[in-house]
Amino acid sequence: MPTLDDILEHVGEFDRFQKQTFFILCLLSASFTPVYVGVVFFGFIPEHRCSNPGVAELSQHCGWSLEEQLNHTVPEWDGHGASFSSRCRRYEVDWNATGISCTDPLGSLVGSGSTVPLGPCRDGWVYDSPGSSLVTEFDLVCEDSWKLDLFQSAVNAGFFIGSINIGYIADRFGRKFCLLTTIFANIVCGMLLVFVPTYLWIVIIRFLQGLVSKGCWTAGYILVTEVVGPQYRRTVGILYQAAFSVGLLLFDAIAYAIPHWRWLQLTVTLPTCFLLLYYWCLPESPRWLISQGKNDKAMKIVSDIAKKNQKKMPSHFKVSSGFEEDCGKQNPSLMDLFRTPQIRKNTLILMYNWFTSSVLYQGLIMHMGMAAENMYLDFLYSALVEFPAAFIIIVTIDRVGRRYPWALSNLVAGAACLATALIPEDIHWLKVITGCIGRMGITMAFEMVCFVNTELYPTYIRNLGVMVCSSLCDVGGVIVPFIVYRLVEIWHDLPLIVFTVLGVIAGGLVLLLPETKGRVLPETVEDVENFHRQSAPKANKIYLKVQGSEVTRG
């Protein structure tokens, strides 16, 4: 009896129907960008200093330039205001007093040679930015700078909790139902962020947005890989992630044109309303329907695929009675990810690699951006490096398999981090090059872990497996700011040493996973447990029961 992959060979593995489904799901992938990296623009931190009543009038009276004003009135001003005192402290003097000298104002106020007392910014801050962000609107600087970290931690916490819950919904109620409900919830949260007036509510809504948005993106990934044939699965999986990189470029351009965070949030949210049209444009996954015993509905979708692809459905592809007796409806359980030896090993290694990919991916962006002069250009460079990574995967993955390129990309990322840490600071151009190599390596690893994750679980727990394993990515997203920003206080390149260790271990663990090159997606637990063999026993596969003779692979 034929499997779904056998049938797709006859009705089209990647023809018009699949191409249409792939394209519209890529729009979903690109729309996830503002949620995942939105903090870069929503929460950008412009140069700032304490607001001092009376300084503007004194500056006008004395005819100071802006630079002269800052030199006279801002503590430890060295031309760019990079110190804590210049940003978060002010001179405790009365700038409205009479008789202040224009050449030595502090000396005339406290006496020459005296120490000028410093105090907190009681009257707010002055921001050198033409736009607005969460930081400028709610003064999330100095003693309140941790609140911006909380804003980003909230969405990662939502990712973490939502990964398991949304994964269960997708495996229990279907990919399409999961997509539509999470898209709607994401739109509602995005619109609320535009209008809520308080910081607390913004954090709460940001958490709720994280709760649904990552699960939505991953359910789209699962669906697009389940409707194509085996030889196209890896390509659409990689290009689906490349669509996220296109979203990075678009988001960067929109943020450059709209430097006000609330208007930016509105601009990136409104187009996602069109994604609700998926109700009429997208099919349910036939693989999921088969795993749930809904054979008639699965064959109806297969017939639609054949019609859209202008292929003739062979007469013997007519459903007679559904599944074999031992292949009834299966309900996913979290324990299924740990119940058997091979699936348990897959789960633990995938969890670690998701964690490592997130820490290195986000950590390298943070570390390389700490000395950034233009956040739009830096963001652009970070996005562009992802395209050659996707190209390298597409070119090599079918020639040498999944396992070795994945392991090598982790090892290259780790080695590049070590090289970057050991290169002297005065050879800055070389540090930038090795840093970009590391970023490219971890981008490849990130794309590979998402892709291979879907190939190592049977259908009925595939979405749950991806969601649970990828939740460790969110744990990494929560702790990586502490790895970067705390360790740089000890040694600027110490985070890179940590990244090196994590990357090398990840590369070694990947070699313990089975190779999935050229294999059909596993349908049952037995398929996964027998992955180390050349092929799984035929009796352990889920088949469509059809009238007439069996279909053989050509």
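Up top is the structure these notes are about.
Attention here is on the structure that accompanies the text. Because the structure is predicted, anything quoted here is derived from the model rather than measured. (Residues numbered from 1 in each chain as written. Predicted model: local features only at pLDDT ≥ 70, side-chain atom pairs only at ≥ 80, totals over all residues. Heavy atoms only, no water.)

1. Concerning the packing of helix α11 (residues 175-195) against helix α12 (residues 199-226)
- Taken N-terminus to C-terminus, the directions of α11 and α12 make an angle of 150 degrees; their axes are 8 Å apart at the nearest point. By the angle class used here, α11 and α12 are roughly antiparallel. Relative to α12, the crossing made by α11 is left-handed.
- Looking at the contact of α11 with α12 residue by residue, the class counts come to 15 nonpolar, six polar and three charged. (Axes fitted to C-alpha atoms, helices over the stretch in contact; angles between N-to-C directions. Helix = DSSP H or I, 4+ residues; strand = E, 2+ residues; numbered from the N terminus. Parallel < 35°, antiparallel > 145°, perpendicular 65-115°, else oblique. Left-handed = near helix turned anticlockwise from the far one by under 90°. Nonpolar A, V, L, I, M, F, W, Y, C, P; charged D, E, K, R; others polar.)

2. Considering the side chain of Gln362
- You can see Gln362 is positioned in helix α18 (residues 341-369).
- Look at Gln362 and you get buried, because its relative accessible area is 12%.
- A polar contact of 3.3 Å, which involves the side chain of Gln362, links it to the side chain of Tyr36.
- If we ignore the near neighbours within four places in the chain, the residues touching Gln362 are Tyr36, Gly477 and Val480. (Buried < 20%, exposed > 50% of the residue type's maximum accessible area, 1.4 Å probe, protein only. Polar contact = N/O pair within 3.5 Å; in protein donor to acceptor, adjacent residues only side chain to side chain. Contact = heavy atoms within 4.5 Å.)

3. Digging into the packing of helix α13 (residues 230-257) against helix α14 (residues 261-269)
- Look at α13 against α14: their axes get within 10 Å of each other, and the N-to-C directions meet at 140 degrees. Looking at the two axes, α13 sits oblique to α14. The two elements α13 and α14 meet at a crossing, and its hand is right-handed. Note on element contacts: α14 touches α13 through Leu264, Thr267 and Val268, opposite Phe251, Ile254 and Ala255.
- Of the residues assigned to the contact of α13 with α14, the class counts are five nonpolar, one polar and no charged.

4. Quick notes on the nonpolar core
- In terms of nonpolar packing, the biggest core is built from 117 residues, with Leu25, Leu28, Tyr36, Tyr278, Leu350, Trp406 and Phe499 touching the most fellow members.
- Dropping the residues within four chain positions of it, Phe499 is found in contact with Val359, Leu360, Gly363, Leu364, Gly414, Cys417, Ile483 and Val484.
- Of all hydrophobic cores here, the second largest spans 15 residues; its members include Val11, Phe17, Leu289 and Met313. (Core = buried A, V, L, I, M, F, W, Y, C linked by side-chain atoms within 4.5 Å.)

5. Here's the deal with helix α6 (residues 66-73)
- Those residues of α6 lying buried are Gln69, Leu70 and Thr73. Each buried residue of α6 lies within a common arc of 95 degrees when the element is viewed along its axis, so the set occupies one face.
- Close packing links the buried residues of α6 with β1 (48-50), α5 (55-62) and β2 (90-91). (Arc of directions from axis to C-beta.)

6. What to know about a nonpolar patch on the surface
- Taken together, the side chains of Leu408, Leu411, Val412, Trp429, Ile433, Ile437 and Val504 present a nonpolar region at the surface, about 630 Å² in accessible area.
- Those elements that place two or more of their residues in the nonpolar patch are α21 (403-422) and α22 (428-455).
- Along the chain, Val504 turns up in helix α24 (residues 494-510).
- Classification of Val504 by relative accessible area gives partly exposed; the value is 41%. (Patch = residues over 30% accessible without salt bridge, like charges linked within 9 Å, V, L, I, M, F, W, Y side chains within 5 Å. Areas by Shrake-Rupley, 256 points an atom, 1.4 Å probe, with all protein chains shown as cover. Salt bridge = Lys/Arg side-chain N within 4 Å of Asp/Glu carboxyl O.)

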